[in-house]
Amino acid sequence: MRTDVPSPLEARGCRFWCEATVALGSSEVTVPVAGGSRIWQADQWPADQLSGVVIPRVVDGKDLLETNLVGSDGHRVTVTAHAETSTKSWDWVVGTFLVTRAEPDGPSITLDGVLATQLILDHKGRAARAVSKASTIHMAVARLLNEDRLTAWTDPRLATVEVPKGFTIGEDRGESLHDLVTAWGAHVTVSPVADIAFHQVPTKAPSTPDVEFTEGESGTVVDAPITLDRSQIHNHVTVRVKDQTRVAEATQTTGRYAVQSFGYRTLTIETDSISRYAQAQLMALTELHKGLLRAVTVPIEAVPDWRVEPYDAARLTTEDVNAIGRITGIDMPLIAGETAVFDLGLEV
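Residue numbers restart at each chain and count upward from 1, following the sequence in its written direction. Reporting of local features is limited, given that this is a predicted model, to residues whose pLDDT is at least 70; pairs of side-chain atoms are given and counted only at 80 or more, and all residues count toward the totals for whole chains, interfaces and linings. As a rule here, side-chain values cover all heavy atoms of the structure and leave hydrogens and water aside.

## Examining the layout of surface pockets
Next, step 1: Computed over the protein atoms alone on a 1 Å grid, cavities are sets of points where a 1.4 Å probe fits but cannot get out and pockets are open sets with protein on both sides within 12 Å along at least five of seven lines; a residue lines them when it has an atom within 4 Å of a point. Grid points are joined across faces, edges and corners, and a volume is the space filled by probe spheres set on the points. Counted as a void, the second largest pocket has a volume near 570 Å³.
Next, step 2: Numbering of helices and strands runs from the N terminus, with a helix taken as a DSSP run of H or I at least four residues long and a strand as a DSSP run of E at least two residues long. Ranked by the residues each element gives to the lining of the second largest pocket, the list is headed by strand β14 (residues 196-200), at three residues.
Next, step 3: Residue type decides the class: Asp, Glu, Lys and Arg count as charged, Ala, Val, Leu, Ile, Met, Phe, Trp, Tyr, Cys and Pro as nonpolar, and the leftover types, Gly among them, as polar. Considering only residue class, the lining of the second largest pocket consists of 15 nonpolar, five polar and eight charged.

Below you can see the structure in the form of structure tokens.
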């Protein structure tokens, strides 16, 4: 949970606004944001996006599109948020994104963006290459990032995790990055101090919440419909080892989604970068855990809370639900007066 931003209580009555700084090489322009949102979803890759960010087209007599100050030719956009009262102010970086679309709309431009790891997905390798046996995952990931000039902050707890034996960086470098992050037990998201950040995915069920969403008077919840959908749940994961007949698997044997009572719901994973059984087994266990974190997802429409980060523990209290889960989706508006949506993964 972020501590450098205002809580919903502190933000009540604040003046709130966002700015977008678009940069390419040595050129840079900072403009106000008139619409749009930052979206993170645990089951997407890349997980972070900017959607429908509205900025002015003409600034100081310059057409930002015609002068290429704004575009999708490798441009990066950094969104910074501001809030102030008569006695206090806050400024914080929402994140930096690769601009994927810049579309004129009358006097405005609408931008879409994605986490900068998209550069790695778009950059295919000439051939597969082995990773040194002495490498940590941190070292292997750093090499991929350096090749596309990306900077990263890494959770210190991840620094010494070894690369699975026999791991290869395939021609699909984005898939290899995904497999390394999965084997790491990590997730990648925006960072206020670098292009991206790698955080450890929590492995324990939360017992105390980082943040609370409450329905009713003085509460923050606008709506929180709950739907139980068996098709969204996987309690059995199989991973096929490349060029082998061996298949690793992970099975949920305890709790509400144990295969003995729930039955089997299998997720099958096939990837060219998994060439050893131990590596496949680690991926199966990680994917099983991550999947069950969002076995049941409750979308919470609520007052924006900029403290909330991916996989934070959250308590939801409504007429239908009183439970603690983990945040598996975030949709935050970049302008005042709109509600946010937080997806809460629960076992209910």
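Right, picking up where we left off after that structure.
## A look at the sheet that holds strand β11 (residues 152-154)
Note on sheets: strands pair through backbone hydrogen bonds, and any given pair is parallel or antiparallel.
Next, step 1: Strand pairing is assigned whenever DSSP detects at least two bridges linking the two strands. Read across the open sheet, the three strands follow the order β11-β14-β13; overall the sheet is mixed. The sheet is open, and its two borders are formed by β11 and β13 (186-189), each paired with just one other strand. In this sheet, neighbouring strand axes are inclined to one another by 20° on average, regardless of whether the strands run parallel or antiparallel.
Next, step 2: For this analysis, residues touch if any pair of their heavy atoms sits within 4.5 Å. All axes here are fitted lines through C-alpha atoms, helices being fitted over the stretch that makes contact, and every angle between N-to-C directions spans 0 to 180 degrees. Helix-sheet contacts for helix α4 (residues 173-184) involve β11, β13 and β14, and the interaxial angle to β13 is about 130°.

## Observations regarding the environment of V31
Next, step 1: Considering the arrangement of structural elements, one finds V31 in strand β2 (residues 27-32).
Next, step 2: C-alpha of V31 to C-alpha of T78: the two residues are 47 residues apart in sequence and 11 Å apart in space.

## Overview of the pairing of strand β4 (residues 48-56)
Next, step 1: Pairing geometry for strand β3 (residues 35-41) and β4, over five bridges, is antiparallel. Within β4, the position partnered with S37 by the bridge is S51.
Next, step 2: In sequence, β3 turns back onto β4 through a hairpin of six residues.
Next, step 3: Inspection of the sheet shows β4 paired to strand β9 (residues 108-115) by six bridges, in the antiparallel sense. When the bridges of β9 are listed, V53 appears paired with L111.

## Let's talk about the pattern of salt bridges
Next, step 1: The salt bridge definition used is simple: a Lys or Arg side-chain nitrogen within 4 Å of an Asp or Glu carboxyl oxygen. Applying the stated rule across the entire model yields 15 salt bridges.
Next, step 2: Here D172 and K124 are joined by a salt bridge, their closest N and O atoms 3.5 Å apart. Residue D172 is found in the loop between β12 (168-169) and α4, and its partner K124 is found in the loop between α2 (118-122) and β10 (129-130); the two are separated by 48 residues along the sequence.
Next, step 3: When its relative accessible area of 31% is taken as the criterion, D172 is described as partly exposed.
Next, step 4: Burial classification: accessible surface area is computed with a 1.4 Å probe over protein chains only, and a residue below 20% of its type maximum counts as buried, one above 50% as exposed, and the rest as partly exposed. Of the residues examined, K124 reaches a relative accessible area of 49% and is grouped as partly exposed.
Next, step 5: Here D148 makes a salt bridge to R173, at a shortest N to O gap of 2.9 Å. Placement of D148 in the loop between α3 (137-147) and β11 and of R173 in helix α4 is noted, with a sequence separation of 25 residues between them. Comparing D148 with R173 shows no difference in burial state: the two are buried.
Next, step 6: Each of R129, R143, E147, D148 and R173 takes part in salt bridges that share partners, so that together they form one network.

## Focus on the packing of aromatic side chains
Next, step 1: Only centres within 6.5 Å qualify two rings of Phe, Tyr or Trp (six-membered ring in Trp) as a pair; their planes then separate them into stacked at under 30 degrees, edge-to-face at over 60, and tilted for everything else. One pass over the structure, following the stated rule, counts seven aromatic pairs.
Next, step 2: An aromatic cluster is defined as three or more aromatic residues linked by ring pairs; in this entry it consists of F16, W92 and W306.
Next, step 3: The lysine or arginine in question, R15, covers the ring of W17, its NZ or CZ lying 3.9 Å from the ring centre.
Next, step 4: The cationic tip of R246 hangs over the ring face of Y277; the distance from NZ or CZ to the ring centre is 3.9 Å. Either the NZ atom of lysine or the CZ atom of arginine qualifies as a charge over a ring when it sits within 6 Å of the ring centre and within 35 degrees of the ring normal.

## Some thoughts on α4
Each α-helix turn comprises 3.6 residues. Residues three or four places apart therefore point the same way.
Next, step 1: Taking 1.5 Å as the rise per residue, α4 with 12 residues should run 16 Å; its terminal C-alpha atoms sit 16 Å apart, in good agreement.
Next, step 2: Within α4, burial applies to R173, G174, S176, L177, D179, L180, V181, T182, A183 and W184.
Next, step 3: Throughout this description, a polar contact denotes any pair of N or O atoms lying within 3.5 Å of each other; where both atoms belong to protein, one of them has to be capable of donating a hydrogen while the other can accept it, and for residues adjacent in sequence the pair is counted only when both atoms sit in side chains. With a side-chain oxygen positioned 3.2 Å from the backbone nitrogen of G174, the residue opening α4 is D172. To estimate the expected span of a helix, subtract one from its residue number and multiply by 1.5 Å.

## Considering unusual backbone geometry
Next, step 1: With an omega of -5°, the peptide bond between W45 and P46 qualifies as cis.
Next, step 2: One non-glycine residue, R149, lies in positive phi territory at about 55°.
Next, step 3: By the element assignment, R149 lies in the loop between α3 and β11.

## Focus: the pairing of β9
Next, step 1: The element β9 is extensively covered by neighbouring structure, given that eight of its eight residues are classed as buried.
Next, step 2: Alignment of strand β8 (residues 89-105) against β9, held across eight bridges, turns out to be antiparallel. Bridge assignment links L98 to a residue of β9, and that residue is V114.
Next, step 3: Between β8 and β9, which pair antiparallel in sequence order, lie two residues; one of them, G106, sits at a positive phi of approximately 65°.

It is worth stressing that arrangement in space is one thing and function is another; only the former is reported here.
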